[in-house]
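# Topology and contacts: notes
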Amino acid sequence: MRPALVAVAHGTRDAAGPEVIADLLDDVRRRLPGVEVITAWVELVAPGLGEVMSGMGRPAVVVPLLLSSGYHVTVDVPAAAALSAASVHVSAPLGPDRHLARAMTARLREAGALFGDAVVLAAAGSTDPAGLADVEQAAALLRSEWGPRVTFAYVSAAGPDVPAAVEYLRLTGADRVCVAPYLLAHGRFSRRVTDLASATGATTVAPVLGGHRLVTDLVVLRYQQGLRALAATPHLAA
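## A short note on the packing of aromatic side chains
Counted according to the given criterion, the structure contains two aromatic pairs. Relative to W146, the ring of F115 has its centre 4.5 Å away and its plane inclined at 40°; by these criteria the two rings are tilted. With F115 in the loop between α4 (98-110) and β5 (118-123) and W146 in helix α5 (residues 129-146), this pair connects stretches of sequence that are 31 residues apart. A relative accessible area of 48% places F115 in the partly exposed class.

Written as structure tokens, this is what we have:
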């Protein structure tokens, strides 16, 4: 039997969030027939990753469905993964990655954005400098796909915030300013992005990344990378 894929998402009290993750992982299952795809959560939703991994009796690849580095990626997820009695590889988080930049481009187009429009990439934010650097890299990747008028903002970290970023782009000559949530699923942060963008009169707000096919591609890629890492682990041969 092939190693399991344990997909760990952040968690939200918004019922729409788990629905997005469920749809995404259904697509992953269709792409990986014969692979058990297990859903786990960092917080707020059961089952938690620690519960899943403590009962894991066979090799697995843990794929964090997170878009940047931070405490969950560097501490929480590896600690929970280590509870498994079998060989486990924890993959890199989903972002930053060009797959996500291309998915955001598609979501912007779905929302009516036009190439040449200014764009604010709106991320949740982090207290981890590595997480903030990842968001800046994500914005650079989106810039390479969309065009030069892309900046970034945070919902829950020190500035720039969404209103300031929208205002900055307007002051530099943008007539149309669109907002692209750098978020995987619906929840408190996505509602906040929509509210802030609406309050500033943004031209349009793209949907969250969700189950876009490029996100599915990226989850599958992280699993395949994890398989190669497991195969290179000597004691797995038994």
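Now, onward.
## Re the pairing of β5
Consecutive side chains of a regular strand alternate in pointing toward one face of the sheet and then the other. Taking burial as the measure, the six residues of β5 include six buried ones, the bulk of the element. The pairing of β5 with strand β7 (residues 177-181) spans five bridges and is parallel. Each residue of the ladder has a partner; that of A122, found in β7, is P181. By the bridge criterion, five bridges tie β5 to strand β6 (residues 150-154) in an arrangement that is parallel. Opposite A123, over in β6, you have Y154 as the bridge partner. Following the backbone out of β5, through α5 and into the adjacent parallel β6, one traces a crossover that is right-handed.

## Focus on the sheet that holds strand β8 (residues 204-205)
The strand order across the open sheet built from four strands is β6-β5-β7-β8, with neighbouring strands paired in parallel fashion. Edge positions in the sheet fall to β6 and β8, since each has one partner strand and no second. Of the strands in this sheet, β5 and β7 are in contact with α4, which crosses β7 at around 130°.

## Considerations on the side chain of R222
Topologically, R222 is positioned in helix α8 (residues 213-231). Among the polar contacts listed, one links the side chain of R222 to the backbone oxygen of P93, at a separation of 3.0 Å. At 3.2 Å, the side chain of R222 forms a polar contact with the backbone oxygen of L94. Discounting residues that sit within four places of it in the chain, R222 has contacts with V61, V63, S91, A92, P93, L94 and D97.

About the criteria used
- Residues numbered from 1 in each chain as written.
- Predicted model: local features only at pLDDT ≥ 70, side-chain atom pairs only at ≥ 80, totals over all residues.
- Heavy atoms only, no water.
- Phe/Tyr/Trp six-rings, centres within 6.5 Å; stacked < 30°, edge-to-face > 60°.
- Helix = DSSP H or I, 4+ residues; strand = E, 2+ residues; numbered from the N terminus.
- Buried < 20%, exposed > 50% of the residue type's maximum accessible area, 1.4 Å probe, protein only.
- Pairing = 2+ DSSP bridges.
- Right-handed = clockwise from strand over helix to strand, strands pointing away.
- Contact = heavy atoms within 4.5 Å.
- Axes fitted to C-alpha atoms, helices over the stretch in contact; angles between N-to-C directions.
- Polar contact = N/O pair within 3.5 Å; in protein donor to acceptor, adjacent residues only side chain to side chain.

From the geometry alone we can't say anything about function, so treat these as descriptive.
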